[in-house]
Amino acid sequence: MEARKQKATLSTAAVFPKGYFLENLAVRANNSMLVTSIKTHELWYVPPANLGEQVEPALLFTFDKSPTSMVEPEPDVFYLFTTDGYATHASDLHRIDLRDWKPGQEIHPELVLTFPSQVRALNGSCLIGPRTILVADSFASLVWRVELSEGGRSASASIWLKHYSMLYHPGELKPEQPGVNGLRFSKRTSYVYYTSTVLKLFMRVRVDHQTLAPLGIPEYLGGDKMMDDFCLDEEAGVAYVTTHRENTIDRMSLEPDRNEERESVAGIPFDEELVGPSSGAWGRAPGEVGRVAFFTTDGGTTALPSDGILRSAKILRVVF
């Protein structure tokens, strides 16, 4: 199916203080959100935000490390990764059960895994099976495979794939920029898609249906920008990819040899709403997948835009 070609429409759903780095988010079934803040080690709750409406975020929990990404293997049970990428490199996986939780109540994350000593900096993650999670290690230049136990209260970690396209090059940019970064799995195609920020790559690798191991050699899909995370529109065969330092959301094909189809759907010309976009996730109301997504931004905390102005970090509602 041919991808739609119109530009995206952006509106602010929630505002955070200047200097926050909103890294990732998970959209719950009622369109409320869980949002990670790297610099402050915080997890936030954002109420459902309708078109044209701004809502007030609420702090849920402060970790001892930076929370990065999370997955939802069963309804309202989330597994969240934390990492100390710039110092000790210690990294963990936490279970957060929100099935009986109500806004305003405390949450009680449960530690289910401490990663082996080879870990360096955990980043984007995705589910590839009912209890199988992949998580990018941006400074170790590889992807970990995490297997949850039957009850989900413990887990094991092993290296799933290490490939030159995931390489991290320390010292090239300050602050240090990731190697492999965003991860998403398409059930329709049975491919894992990933970005590699420093190398400016968008890649894919096939997943074996039975073993969930990688099959064959990763394929190049596009590049030339410092891509971060993304969401997949499997029906249209495209990804909507953030270019964190370059302040755009780009539509890219999920098939190789179609780089000419790439288009910046937001951020060109510069849009002060879209400064430092990091990750995106589809809304979960009927008809929103492929049409309405929510994106995190850092307001220029990582890299100021060309006008040199630091803005508030935001959650954006983006209509494609």
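Okay, so let's go over this structure.

Reading guide: rules and limits
- Residues numbered from 1 in each chain as written.
- Predicted model: local features only at pLDDT ≥ 70, side-chain atom pairs only at ≥ 80, totals over all residues.
- Heavy atoms only, no water.
- Helix = DSSP H or I, 4+ residues; strand = E, 2+ residues; numbered from the N terminus.
- Rg over C-alpha atoms; globule rule 2.2 N^0.38 Å.
- Buried < 20%, exposed > 50% of the residue type's maximum accessible area, 1.4 Å probe, protein only.
- Phe/Tyr/Trp six-rings, centres within 6.5 Å; stacked < 30°, edge-to-face > 60°.
- Lys NZ or Arg CZ within 6 Å of the ring centre and 35° of its normal.
- Contact = heavy atoms within 4.5 Å.
- Pairing = 2+ DSSP bridges.
- Axes fitted to C-alpha atoms, helices over the stretch in contact; angles between N-to-C directions.
- 1 Å grid on protein atoms, 1.4 Å probe; cavity = no way out; pocket = protein on both sides within 12 Å on 5 of 7 lines; lining within 4 Å.
- Points joined across faces, edges and corners; volume = space filled by probe spheres on them.
- Nonpolar A, V, L, I, M, F, W, Y, C, P; charged D, E, K, R; others polar.
- Polar contact = N/O pair within 3.5 Å; in protein donor to acceptor, adjacent residues only side chain to side chain.

Re the overall build of the protein
And then number 1: If you tally the helices and strands in the protein, you get zero helices and 24 strands.
And then number 2: Rg of the C-alpha trace for the protein: 18 Å, near the compact-globule value of 20 Å for 320 residues, within the 12% margin.
And then number 3: A principal-axis box enclosing the C-alpha atoms of the protein has dimensions of 50 × 45 × 40 Å.
And then number 4: With 320 residues in all, the protein has 61% of them scored as buried.

Remarks on the packing of aromatic side chains
And then number 1: Tallied over the full model, the rule gives 16 aromatic pairs.
And then number 2: Among the aromatic side chains, those forming a connected cluster through ring pairs are Tyr-191, Tyr-193, Phe-202 and Phe-230.
And then number 3: Above the ring of Phe-230, the side-chain terminus of Arg-184 is found at 5.9 Å from the ring centroid.
And then number 4: Directly above the ring of Tyr-191 sits Arg-204, whose terminal nitrogen or CZ lies 3.8 Å from the centroid.

Comments concerning the environment of Ala-49
And then number 1: Its place among the elements puts Ala-49 in the loop between strand E4 (42-46) and strand E5 (58-62).
And then number 2: In this structure Ala-49 comes out as buried when scored by relative accessible area, which is 6%.
And then number 3: Not counting residues up to four positions away in its chain, the partners in contact with Ala-49 are Ala-13, Asn-31, Val-55, Phe-294 and Arg-317.

Describing the sheet that holds strand E16 (residues 201-207)
And then number 1: Pairing in this open sheet of four strands is antiparallel, and the strands run E14-E15-E16-E17 from one edge to the other. Taken across any chain shown, the strands that pair with only one partner, and hence form the sheet edges, are strand E14 (180-186) and strand E17 (214-223). If you compare each strand with its neighbour and ignore which way they point, the axes differ by 20° on average.

Regarding the sheet that holds strand E9 (residues 110-114)
And then number 1: With antiparallel pairing, four strands are arranged side by side in an open sheet as E6-E7-E8-E9. The sheet is open, and its two borders are formed by strand E6 (66-74) and E9, each paired with just one other strand. Shown here is a sheet whose adjacent strand axes are inclined to one another by a mean of 25°, direction ignored.
And then number 2: By the bridge criterion, five bridges tie E6 to strand E7 (residues 77-83) in an arrangement that is antiparallel. By the bridge assignment, Ser-66 is partnered in E7 with Thr-83.

Examining the layout of surface pockets
In this approach the atoms are scanned with a rolling probe the size of a water molecule, which exposes any empty space left behind.
And then number 1: Taken as a whole, the largest pocket encloses approximately 980 Å³ of empty space.
And then number 2: Lining the largest pocket are 29 residues; nearest its centre among them are Glu-72, Leu-127, Arg-184, Phe-185 and Trp-282.
And then number 3: Secondary structure elements with two or more residues in the lining of the largest pocket: strand E2 (22-27), E6, strand E10 (122-129), E14, strand E18 (230-233) and strand E22 (277-282).
And then number 4: At five residues, the largest contribution of residues to the lining of the largest pocket is made by E10.
And then number 5: Class assignment for the residues of the lining of the largest pocket results in 16 nonpolar, six polar and seven charged.

A word on the environment of Ser-165
And then number 1: Position of Ser-165 relative to the elements: it lies in the loop between strand E13 (155-162) and E14.
And then number 2: For the pair formed by Ser-165 and Tyr-220, sequence separation is 55 residues and the distance between their alpha carbons is 8.9 Å.
And then number 3: Beyond its immediate sequence surroundings of up to four residues, Ser-165 is in contact with Tyr-194, Ser-196, Leu-199, Leu-201 and Met-203.
And then number 4: Engagement of the side chain of Ser-165 in a polar contact is seen with the side chain of Tyr-194, the distance being 2.6 Å.

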